[in-house]
Amino acid sequence: MKRNDDFRRKQVVKRLRTFIALAAVPLFLAACGNLSSSSISGTSGTSKSSKTQLTGQSSDGDYEGVIKSGHYQTSKSRGVTNSQDSGNTYNVKSFENGMLGVSKKVFSTKSYVFQEGQYLSSSTVQNWLDRKTKSNPTGLNPKSNGSTSPTKRNPVYIQALEEQDYMIQKNNKLSLGGVTIGIAVNSVDYYKKTQYGATYETKITKAEGEAYAKKAANTVLKRLRKKSALKNVPIVIAIYRQASNDSLVGGNFIAYSENKGSATTVSKWNALSEKNYVFPIESGSSSPNSNDETSFTNFKSQVENFFPNLSGVTAQAHYSGNTLTGMHVNITTQFYSQTEIISFTQYLQTAAQKYLPSSVPIDITVSSTDSVQSFLSRSSGAKKFTSHVFNSY
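1. Things to note about the overall build of the protein
In step 1: Looking only at helices and strands, one finds 7 helices and 17 strands in the protein.
In step 2: Residues classed as buried in the protein amount to 47% of the 393 residues present.
In step 3: Taking all contacts inside the protein whose residues are at least 6 apart in sequence as the whole, residues at least 24 apart take part in 63%.
In step 4: As displayed, the protein offers around 19,400 Å² of accessible surface, 49% of which is attributable to carbon and sulfur atoms.

So this is what it looks like as structure tokens:
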């Protein structure tokens, strides 16, 4: 029975991956309000005629974003990853949203405005992510030693690198106030011995990957300081450990450093105790808090007993240490009637409030194989869930 549950859970999450991958816009934008009514000059404080607007801020916990000349300032290098296979789309979302979380520890949402990375180009990041060779001396990954053995080859450690900029608004002008760089390191390096051959794996321990990333961080910091705009601004470097391709959740950040002034070497690292889990917990594993697991199991049982036409009920749970900080619940249905969806969503509001952990942000997505049917959410500290059923005219 347990094996069947695990199989169904994996099938459900595979279907949901496509939906989640499409939601690639950083989480803070979803919470933004209307455009700020004020206009400000260019980020360098020059007298250019082009106007800059801010997206607005619906809560103190979200950054305002930058819109310049009527267009959102997109990243110059977002989405660039190492060319190896990357089958876990959860890593992308987890990496970007986790960077925002780390940045908030240093750059307050009350004092800083978010801007997508503008100082590292796609070609620069791609070169840095490749292996170091004679033709690519800037590569951060080690030279190939020629071996194709999983235990003897030099693995690709660094999978992705991303930049986020944080601006300060003063005297109706925006200027760069700080930068966050995320370095994503592999837990498993997937590779092929021949172009269309089988995929092999080189496992990378947490200690080995973290040590390599910290060494690379010093190199990255030195290179950034050579850019005139980044010579003296605070630069935060955060290390992210990627989840394996078969994981049903993304990875997690394991350390970050704040480098002030013109520092070119990281002097101190701050450890982060964060971890993601999938509920129901797989056989042989355990969560940091058994009460959270029991709460979800009770919720899942009630929902499945009340509505039999379900393909699966799973959840992604995020922990800081042993404390649950958030949960995403995914429910896949086989409903075809709009009235069934309405009734089901109403029941979920009651069941979620009764059984799921309290005082933490939780969202519940109800979807069929081809579309989202309804959505429920509860913010941190709120008592009741709000819901919305998607309809059509």
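2. Topic: the sheet that holds strand 9 (residues 235–241)
In step 1: If you trace the 6 strands from one edge of the open sheet to the other, you get 4-5-6-9-10-11, paired in mixed fashion. Two strands in the sheet have a free side with no partner beyond their single neighbour: strand 4 (113–116) and strand 11 (270–271).
In step 2: In the sheet, strand 9 pairs with strand 10 (residues 252–259) via 7 bridges, with the strands oriented antiparallel. For alanine 238, the partnering residue across the bridge sits in strand 10 and is tyrosine 256.
In step 3: Strands in contact with helix 3 (residues 90–104) are strand 4, strand 5 (158–170), strand 6 (173–185), strand 9 and strand 10; relative to strand 5, the strand with the most contacts, it is inclined by about 40°.
In step 4: Against the sheet, helix 5 (residues 206–225) touches strand 5, strand 6, strand 9 and strand 10, its axis set at about 155° to strand 9.

3. Overview of the nonpolar core
Within soluble globular proteins, side chains that are nonpolar tend to cluster in buried spots.
In step 1: In this structure, Ile158, Leu161, Ile181, Ile183, Val220 and Leu224 are the most contacted members of the largest nonpolar core, which totals 34 residues.
In step 2: Those elements giving two or more residues to this core turn out to be helix 4 (122–129), strand 5, strand 6, helix 5 and strand 9.
In step 3: In terms of residues, this core owes the most to one element, helix 5, which gives 7 residues.
In step 4: Membership of the second largest hydrophobic core comes to 30 residues, among which are Leu310, Ile341, Phe344 and Leu356.

4. A few points about the side chain of glutamine 373
In step 1: With respect to the helices and strands, glutamine 373 occurs in strand 16 (residues 372–378).
In step 2: Within polar-contact distance, the side chain of glutamine 373 engages the side chain of serine 368 at 3.0 Å.
In step 3: The residues contacting glutamine 373, other than those within four sequence positions of it, are Thr333, Ile341, Val366, Ser367, Ser368, Val389 and Phe390.

5. As for the packing of helix 6 (residues 290–306) against helix 7 (residues 338–355)
In step 1: Across the interface, helix 6 lies against helix 7 with an axial gap of 10 Å and an inter-helix angle of 155°. Taken together, helix 6 and helix 7 sit at an angle that is classed as roughly antiparallel. Considering how the two elements wind past one another, helix 6 and helix 7 form a crossing that is right-handed. Only Phe344, Tyr347, Leu348, Ala351, Ala352 and Tyr355 of helix 7 make contact with helix 6, whose side of the interface consists of Ser295, Asn298, Phe299, Gln302, Val303 and Phe306.
In step 2: Grouping the constituent residues of the contact of helix 6 with helix 7 by class yields 9 nonpolar, 3 polar and no charged.

6. Describing the pairing of strand 4
In step 1: A two-sided burial pattern is seen for strand 4, the buried positions comprising Val113 and Gln115 on one face and Phe114 and Glu116 on the other.
In step 2: Sheet topology places strand 4 next to strand 5; 4 bridges connect them, and they run antiparallel. Looking at strand 5, one finds that glutamate 116 is bridged to glutamine 164.

7. Some details on the packing of aromatic side chains
In step 1: Inspection of the entire model under this criterion finds 17 aromatic pairs.
In step 2: Geometrically, the ring pair formed by phenylalanine 95 and phenylalanine 253 is stacked, given 5.8 Å between the ring centres and 20° between the ring planes. Taken together, the residues phenylalanine 95 in helix 3 and phenylalanine 253 in strand 10 connect sequence positions 158 residues apart. Like phenylalanine 253, phenylalanine 95 is buried.
In step 3: Following the ring pairs from residue to residue traces out a cluster consisting of Tyr63, Phe107, Tyr112, Phe114 and Tyr166.
In step 4: Above the plane of the ring of tyrosine 191 lies arginine 153, whose end atom (NZ or CZ) is 3.7 Å from the centre.
In step 5: Across from the ring centre of tyrosine 200, 4.3 Å away, lies the NZ or CZ of lysine 193, which sits over that ring.

8. Section: the sheet that holds strand 12 (residues 274–279)
Strands in a sheet are paired, the pairing made by backbone hydrogen bonds, and the direction either parallel or antiparallel.
In step 1: In space, the 6 strands of this open sheet follow the order 12-13-14-15-16-17, with mixed pairing throughout. If you trace the sheet from one side to the other, it starts and ends with strand 12 and strand 17 (386–389), each paired once. In this sheet, adjacent strand axes meet at a mean angle of 10° when their direction is disregarded.
In step 2: In terms of strand pairing, strand 16 meets strand 17 through 4 bridges, oriented antiparallel.

9. Let's talk about the layout of surface pockets
In step 1: Roughly 620 Å³ of internal volume is contained in the second largest pocket.
In step 2: Ala243, Ser247, Val249, Lys275 and Asn276 are, among the 26 residues lining the second largest pocket, the residues nearest its centre.
In step 3: Put simply, the parts of the chain that give the lining of the second largest pocket at least two residues each are strand 10 and strand 12.
In step 4: The greatest single-element share of the lining of the second largest pocket, amounting to 5 residues, is contributed by strand 12.
In step 5: Among the residues forming the lining of the second largest pocket, the class breakdown is 8 nonpolar, 11 polar and 7 charged.

10. Things to note about helix 4
Because each turn of an α-helix spans 3.6 residues, side chains separated by three or four positions end up pointing in the same direction.
In step 1: Among the residues of helix 4, Val125, Trp128 and Leu129 are the ones counted as buried. Down the axis of helix 4, the sector holding all buried residues measures 95°, keeping them to one side.
In step 2: Against the buried residues of helix 4 lie strand 5 and helix 5.

Criteria and thresholds
Throughout, residues of each chain are indexed from 1 in the direction in which the sequence is written. Two thresholds apply to this predicted model, a pLDDT of at least 70 for residue-level local features and 80 or more for giving and counting side-chain atom pairs, whereas whole-chain, interface and lining totals are computed over all residues. Excluded from the side-chain calculation are hydrogens and water; included are all heavy atoms of the structure. Helix and strand assignments come from DSSP, with helices taken as H or I runs of at least 4 residues and strands as E runs of at least 2, each series counted from the N terminus. Exposure categories follow from relative accessible area, calculated using a 1.4 Å probe and restricted to protein chains: below 20% of the type maximum is buried, above 50% is exposed, and the middle band is partly exposed. By the convention used here, residues are in contact when the closest approach between their heavy atoms is within 4.5 Å. Here, Shrake-Rupley sampling with a 1.4 Å probe gives the accessible areas, and only protein chains in the shown set may cover a residue. At least two bridges found by DSSP between two strands is the condition for calling them paired. The angle between two axes is taken between their N-to-C directions and runs from 0 to 180 degrees, where each axis is a line fitted to C-alpha atoms and a helix contributes only its stretch in contact. Note on terminology: a nonpolar core comprises buried Ala, Val, Leu, Ile, Met, Phe, Trp, Tyr and Cys residues joined through side-chain atoms within 4.5 Å. Counting of polar contacts relies on pairs of N or O atoms within 3.5 Å, with two restrictions inside protein: one atom must be capable of donating a hydrogen and the other of accepting it, and residues adjacent in sequence are counted only when both atoms are side-chain atoms. Each angle receives one of four descriptions, namely roughly parallel if under 35 degrees, roughly antiparallel if over 145, roughly perpendicular if within 65 to 115, and oblique otherwise. Less than a right angle of anticlockwise turn of the near helix away from the far helix marks a crossing as left-handed, whereas a clockwise turn marks it as right-handed. Only Asp, Glu, Lys and Arg are considered charged, only Ala, Val, Leu, Ile, Met, Phe, Trp, Tyr, Cys and Pro nonpolar, and every remaining residue, Gly among them, polar. Each Phe, Tyr or Trp ring (for Trp, its six-membered ring) is paired with any other whose centre lies within 6.5 Å, and the angle between the two planes then decides the class: stacked below 30 degrees, edge-to-face above 60, tilted in between. The criterion is that NZ of a Lys, or CZ of an Arg, lies within 6 Å of the ring centre and within 35 degrees of the ring normal, and then a charge sits over that ring. As defined here, a cavity is a set of points on a 1 Å grid over the protein atoms alone where a 1.4 Å probe fits but cannot get out. A pocket is an open set with protein on both sides within 12 Å along at least five of seven lines, and residues line them when an atom is within 4 Å of a point. Grid points are joined across faces, edges and corners, and a volume is the space filled by probe spheres set on the points. Directions drawn from the helix axis to the C-beta atoms are what define this arc.

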